[in-house]
Amino acid sequence: MSANTFSNEELNPLQSIEQWEDDVLLRYPEPAVPETAKSKEEYRNYDNPGRDTVREFYRLNHHHQTYDFVQQKKKEFLSFSRKETPVWGAMEFLNTLVDDSDPDIELDQLQHLLQTAEAIRADGHPDWFVLTGFIHDMGKVLCLFGEPQWAVVGDTFPVGCQFSDKIVYPEFFADNPDAKDERYNTKYGIYSPNCGLNQVDLSWGHDEYLYQMMKDYLPEPALYMIRYHSFYAQHREEAYDHLMNDHDREMFDWVRKFNPYDLYSKSPKPPVISELKPYYESLIAKYLPDTIRL
Ligand SMILES: [Fe+2]
Ligand SMILES: [Fe+2]
């Protein structure tokens, strides 16, 4: 199924792809900040039109992310034949992703990435961790290639085996053809116990795409953070322990270390890009090639 068989409403159920992350934040509020009555109410209030668009987004995601869909997207995008650019150029390209949301309250992509990275840097973590914060959402350029929002962002989950009821909105998997396919609907499906996540295909999105782009350049913990940062069903809910091996378990400490920076570093004060650019350009030069292919 190619992207152009979907209507515009099906391609873009959200007003902006940030709506997904805003919803994740309501689901997993910052522990240090007491849940406000407002956030609880917002999360539970199914009449809230923002919730409805997020529900529709997950309905489409859970319906269409099948094992075959993931194989097709990998074939389509992992040849990296669309564009060659310096990393900073890719970030500027990502920043052309503008949406209908309120520009007064919404930070752009580059600002979210810089806030994440600056929070990591402020805590004194190694420079490759800071760089990981800076690039972790670069894979969202998929949106600029006309991809459906639900094939770019959203919680990720294994395909090729039973969908866990710990994944957000599990009821929508009833419409996924794989749920009725005997090859894919058992606990292990096509996998074997504790085979390791490297053997497992997750639903397609910006995480796997960027991982494949970066896999030769960054230390392994950085690659785990990039590849699994949207895998909330595991790093928050531990629903897929049976597919993990000991090495995955060790590496997931890093994924969990990264997640609060992604979710809780948003501050209304936008970073000054021109002041920060030289430092980030130096990190890029230290770890990454002169140009990358998208
Ligand atoms: Fe992300
Ligand atoms: Fe992010």
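Quick look at the structure, then. (Residues numbered from 1 in each chain as written. Chains lettered and ligands numbered in written order. Predicted model: local features only at pLDDT ≥ 70, side-chain atom pairs only at ≥ 80, totals over all residues.)

Let us now look at the overall build of the chain. Counting its regular elements, the chain contains 13 helices and two strands. Expressed as a percentage of its 294 residues, the buried residues of the chain come to 39%. When contacts within the chain are restricted to residue pairs at least 6 apart in sequence, long-range pairs at least 24 apart make up 78% of them. (Helix = DSSP H or I, 4+ residues; strand = E, 2+ residues; numbered from the N terminus. Buried ≥ 20, exposed ≤ 12 C-beta atoms within 10 Å, placed from the backbone. Contact = placed C-beta atoms within 7 Å.)

Further remarks concern helix H6 (residues 87–94). If you check which residues of H6 are buried, you get Val87, Ala90, Met91 and Leu94. The buried residues of H6 all sit within an arc of 100° when viewed along its axis, so they share a single face. (Arc of directions from axis to C-beta.)

Along the chain, valine 255 turns up in helix H12 (residues 246–264). On a C-alpha basis, the gap between valine 255 and phenylalanine 231 in space is 9.3 Å, while along the polypeptide they are 24 residues apart. When sequence neighbours within four positions are dropped, the list of residues in contact with valine 255 reads Tyr224, Met225, Tyr228, His229 and His235.

Excluding glycine, most residues fall at negative phi; most peptide bonds, likewise, are trans. Positioned with a positive phi, tyrosine 169 is a non-glycine residue whose angle comes to about 50°. As for its position among the elements, tyrosine 169 is in the loop between helix H8 (127–135) and helix H9 (206–214). For glutamate 238, which is not a glycine, the phi torsion comes out positive at approximately 50°. Among the secondary structure elements, glutamate 238 is positioned in the loop between helix H11 (232–235) and H12.

Two measures define how a pair of helices packs: the angle their axes make with one another and the distance between the axes. For the pair H9 and helix H10 (residues 220–228), interaxial distance at closest approach is 7 Å and the crossing angle is 155°. By the angle between their axes, H9 is roughly antiparallel relative to H10. Facing Asp207, Glu208, Leu210, Tyr211 and Met214 of H9, the residues of H10 in contact are Leu223, Ile226, Arg227 and Tyr228. In terms of residue class, the contact of H9 with H10 is made up of six nonpolar, no polar and three charged. (Axes fitted to C-alpha atoms, helices over the stretch in contact; angles between N-to-C directions. Parallel < 35°, antiparallel > 145°, perpendicular 65-115°, else oblique. Nonpolar A, V, L, I, M, F, W, Y, C, P; charged D, E, K, R; others polar.)

The subject of this paragraph is the nonpolar core. Ala90 and Phe134 are the most contacted members of the largest nonpolar core, which has 70 residues in total. Broken down by element, the residue count for this core peaks at six residues, all from H10. Setting aside anything within four residues of it in sequence, one finds alanine 90 in contact with Thr85, Met138, Val141, Ile292 and Leu294. (Core = buried A, V, L, I, M, F, W, Y, C linked by C-beta atoms within 7 Å.)

Attention now moves to the packing of helix H7 (residues 109–122) against H8. Contact geometry of H7 with H8 gives a least axis separation of 7 Å together with a crossing angle of 160°. Between H7 and H8, the angle falls in the class roughly antiparallel. Relative to H8, H7 is oriented so that their crossing is right-handed. In contact with Leu113, Leu114, Thr116, Ala117, Ile120 and Arg121 of H7, H8 contributes Phe129, Val130, Gly133 and Phe134. Here the residues of the contact of H7 with H8 are counted per class, giving seven nonpolar, two polar and one charged. (Left-handed = near helix turned anticlockwise from the far one by under 90°.)

What follows covers the environment of leucine 223. With respect to the helices and strands, leucine 223 occurs in helix H10. C-alpha of leucine 223 to C-alpha of aspartate 207: the two residues are 16 residues apart in sequence and 9.7 Å apart in space. Dropping the residues within four chain positions of it, leucine 223 is found in contact with Tyr211, Met214, Lys215 and Leu218.

It is worth spelling out H10 at this point. The buried count for H10 comes to eight of nine residues, which makes it a mostly enclosed element. Looking at H10, one finds that the buried residues are Pro221, Ala222, Leu223, Tyr224, Met225, Ile226, Arg227 and Tyr228. Contacts from the buried residues of H10 go to H8, H9, H11 and H12.

The topology assignment puts leucine 110 in helix H7. Taking the number of C-beta atoms within 10 Å as the measure of exposure, leucine 110 has 21 and is therefore buried. Along the sequence, leucine 110 and proline 270 sit 160 residues apart, while their C-alpha atoms lie 9.8 Å from each other. Residues in contact with leucine 110, not counting those within four places in the same chain, are Met91, Asn95 and Ile273.

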